[in-house]
Amino acid sequence: VTALAPLGQQMAPYACQRRTPLLHSNQPLTEALETLAEEAGFSGSEGRSLAFTRAASVLKALPGRLSALEELGPLPGIGEHSRRVIQDVLEDGVSVEVERVKLSERYRTMKLFTKIFGVGVRTASRWYQEGLRTLLDLQERNTKLTRQQQAGLRHYDDLNTPVERGEAESVGRTVQEAVQRFLPGASVTLAGGFRRGKPRGHDVDLLLTHPEAGREAGLLSRLVSWLDSQGLILYQHSQENSFALCEGPEPPGSRDVLDRFERCFSIFRLEAQGGPGAARGWKAVRVDLVVAPVSQFPFALLGWTGSRHFERELRRFASHERKMVLNSHALYDTMRKRFLPAASEEEIFQHLGLEYVPPGQRNA
Ligand code: CTP
Ligand code: MN
Ligand code: MN
Ligand code: MN
């Protein structure tokens, strides 16, 4: 019998050093690990959650289907607990631990609540502690809800029905047409999962910019009021730009904080394109609108294309391996004490000394 080279032999340690396609051969394994990652997140164990996410991400980048644990070799980034889960799924088809999690009342309730737009782990956890279990409970016990959560609850079914690529493109066209009324020459770019090639997603991420610096200022509020006046907005919450380069970059310790672009978290009323909303004539769709000045656009595009894990790994690589701080606005070299400008995503990878990873290979 020829000894096969371990599948994971050439695996680079950071997800941003690897190519991770959308489709891979180890779906049952990554699903199991991601369930445990999610459950750990629900319990506030961020470290444990990250460990499972990392392990899943490594499996997504394997060149083939894993049939035995030994094929992994001494891969970095897959801990003992994850190995045990992998082994169980390989041997028995399921992991008893994962199945137990999926059936647990807490996991199911946390999942139900966190699927409400505007409800995070903290809120869901508090409601669970208070004995709430269903969406009806929230209404019947007059649970205090933010305006965002009220909208989330009102459109719960629509917002938890995947957005199809055609729907995302339609939203993009609507925004593009509206933007041209106020700022000819401005561009609208579909980012997020759709840019990575996903056929469907949970929302539509749109990035707006204009080739002349400064022209984009004020665009978002005019755009949103106009869309609203046309009856296209069911909910929106806008936030002004709070980023100033003179403040310097984020300190490395806070690299997961949100960026500070002018942005709008919204729910669009999308005319039905067939599918579940067809009978009623429309469907509620989550849309994120973000405005970036052209000089920051490549950083914004890189930051808003994801995946979340790919982004986290890029930032970790930048800080640990290069002593640089990367966020969705800029790249800062802490040794040379200067910002490294970039006109494209490719240039950002170059500054970091990384091989370019195209969007379709960022599904880490
Ligand atoms: N993002 C961000 N700040 C936020 C929300 C998102 O920087 N407040 C970035 C994330 O890092 C992610 C990208 O925007 O890389 C897209 O986020 P999201 O829409 O949550 O995920 P998708 O990858 O698009 O997946 P989905 O199809 O479920 O929408
Ligand atoms: Mn463990
Ligand atoms: Mn998205
Ligand atoms: Mn989004």
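Looking at the coordination of the manganese ion (ligand 3)
Coordination of the manganese ion (ligand 3) by the protein is provided by Asp203 (OD) and Asp205 (OD), with metal-donor distances spanning 2.0 to 2.1 Å. Here the manganese ion (ligand 4) and the manganese ion (ligand 3) are spaced 3.6 Å from one another, each receiving a donor from Asp203. Residue classification places Asp205 among the buried positions, given a relative accessible area of 10%.

Let's talk about the pattern of salt bridges
Counted according to the given criterion, the structure contains 18 salt bridges. Glu167 serves as the salt-bridge partner of Lys283, at 2.9 Å between the closest nitrogen and oxygen. Taken as a pair, Lys283 in strand E7 (residues 282-291) and Glu167 in helix H10 (residues 165-182) lie far apart in primary sequence, 116 residues in all. Judged on exposure class, the residue Lys283 and its partner Glu167 are both buried.

Comments concerning the sheet that holds E7
As summarised here, the arrangement of the five strands in space is E2-E4-E7-E6-E5, forming an open sheet in which the pairing is mixed. The sheet is open, and its two borders are formed by strand E2 (187-190) and strand E5 (233-239), each paired with just one other strand. Here the average twist between neighbouring strands, direction ignored, is 25 degrees. Two elements, strand E6 (residues 262-271) and E7, share ten bridges in a ladder whose sense is antiparallel. The partner of Ile267 across the bridge, within E7, is Arg286. Contacting E2, strand E4 (204-209), E6 and E7, helix H13 (residues 297-305) runs over the sheet at an angle of about 175 degrees to E4.

Topic: helix H6 (residues 121-129)
Of all the positions in H6, only Thr123, Ala124, Ser125, Trp127 and Tyr128 are classed as buried. On its buried face, H6 sits against helix H5 (105-114), helix H7 (135-140) and helix H8 (147-154). Downstream of H6 by one or two residues, Gly131 has phi in the positive range, about 95 degrees.

Here's the deal with the site of ligand 1
Around ligand 1, the structure places 17 residues, and the nearest of them are Gly193, Arg196, His202, Asp203 and Gly306. Here an oxygen atom of ligand 1 and a side-chain polar atom of His202 are 2.7 Å apart. A distance of 3.1 Å separates an oxygen atom of ligand 1 from a polar atom in the side chain of Arg308. In isolation ligand 1 has 590 Å² of accessible area, and contact with the protein removes 85% of it. Of all the elements in the fold, those that place two or more residues in the shell around ligand 1 are helix H11 (192-195), H13 and helix H14 (308-322). In the shell around ligand 1, the residues fall into two nonpolar, seven polar and eight charged.

Focus: the confidence of the model for the chain
On average, the chain scores 92 in pLDDT, and the residues at 70 or more come to 93%. Note that residues 245-257 has pLDDT below 50 and, in this model, 19 contacts with residues that lie over four places away or in other chains. We note a pTM of 0.93 for the whole complex and an ipTM of 0.95 for its interfaces.

Let's talk about the side chain of Glu39
Tracing the sequence through the fold places Glu39 in helix H1 (residues 27-42). It turns out Glu39 is buried and unbridged, and the closest side chain with the opposite charge, Arg106, is 5.0 Å from it. Beyond its immediate stretch of four places on either side in the chain, Glu39 contacts Val101 and Tyr107.

A closer look at the coordination of the manganese ion (ligand 4)
Distances from the manganese ion (ligand 4) to its protein donors, namely Asp203 (OD), Asp205 (OD) and Asp288 (OD), fall within the range 2.1 to 2.3 Å. The sequence pattern describing where the donors of the manganese ion (ligand 4) fall on their chain is D-x1-D-x82-D.

Some remarks on the nonpolar core
Of all hydrophobic cores here, the largest spans 36 residues; its most connected members are Leu59, Leu72 and Ile86. If you list the elements that add at least two residues to this core, you get H1, helix H2 (46-60), helix H3 (80-92), helix H4 (96-103), H5 and H6. Sort the elements by how many residues they give to this core and H1 lands first, with six residues. Ranked by size, the runner-up nonpolar core spans 27 residues in total, among them Ala168, Val175, Leu220 and Leu223.

Focus: the pairing of E4
Burial runs high along E4: six of the six residues are buried. Here E4 shows two buried faces, one formed by Val204, Leu206 and Leu208 and the other by Asp205, Leu207 and Thr209. Two elements, E2 and E4, share four bridges in a ladder whose sense is antiparallel. Pairing of Thr189 across the sheet is with Leu207, part of E4. Here E4 runs beside E7; their pairing, made up of five bridges, is parallel. Paired with Leu207 across the bridge in E7 is Val290.

Thresholds applied
- Numbers given to residues run from 1 along each chain, matching the order in which its sequence is written.
- Lettering for chains starts from A, numbering for ligands starts from 1, and both go in the order in which the items are written.
- Local features in a predicted model are, by the rule used here, given only for residues with pLDDT of at least 70; side-chain atom pairs are given and counted only at 80 or more, and totals for whole chains, interfaces and linings are based on all residues.
- To get the side-chain values, take all heavy atoms of the structure and skip hydrogens and water.
- We call an atom a donor if it is N, O or S and sits within 2.8 Å of the metal, or 3.2 Å for Na, K and Ca. Water is not counted, so some sites may look partial.
- Accessible area is worked out with a 1.4 Å probe on protein chains only. A residue is then buried under 20% of its type maximum, exposed over 50%, and partly exposed in between.
- By convention in these notes, a salt bridge is any Lys or Arg side-chain nitrogen within 4 Å of a carboxyl oxygen on Asp or Glu.
- Elements are defined by DSSP. Helices are runs of H or I of four residues or more, strands are runs of E of two residues or more, and each kind is numbered from the N terminus.
- Only when DSSP finds a minimum of two bridges between them are two strands counted as paired.
- Lines fitted to the C-alpha atoms define the axes, with helices restricted to the stretch that makes contact. Angles between their N-to-C directions range from 0 to 180 degrees.
- Contact definition: two residues touch when any of their heavy atoms are within 4.5 Å.
- Here a residue is considered near a molecule or strand provided that any single heavy atom belonging to it is located within 4 Å of it.
- Each polar contact in these results corresponds to two N or O atoms within 3.5 Å; when the atoms are within protein, one needs to be able to donate a hydrogen and the other to accept it, and residues that are neighboring in sequence are counted only if both atoms are side-chain atoms.
- Calculation of accessible area relied on Shrake-Rupley with a 1.4 Å probe; when residues are assessed, cover is drawn exclusively from the protein chains displayed.
- Ten residues, namely Ala, Val, Leu, Ile, Met, Phe, Trp, Tyr, Cys and Pro, are considered nonpolar, four, namely Asp, Glu, Lys and Arg, are considered charged, and the remaining ones, Gly among them, are considered polar.
- The predictor attaches a confidence to each residue, called pLDDT, with possible values from 0 through 100.
- For this count, His and the chain ends are skipped, Lys and Arg are scored as positive, and Asp and Glu as negative.
- By convention a nonpolar core is built from buried Ala, Val, Leu, Ile, Met, Phe, Trp, Tyr and Cys residues, the set being connected through side-chain atoms within 4.5 Å.

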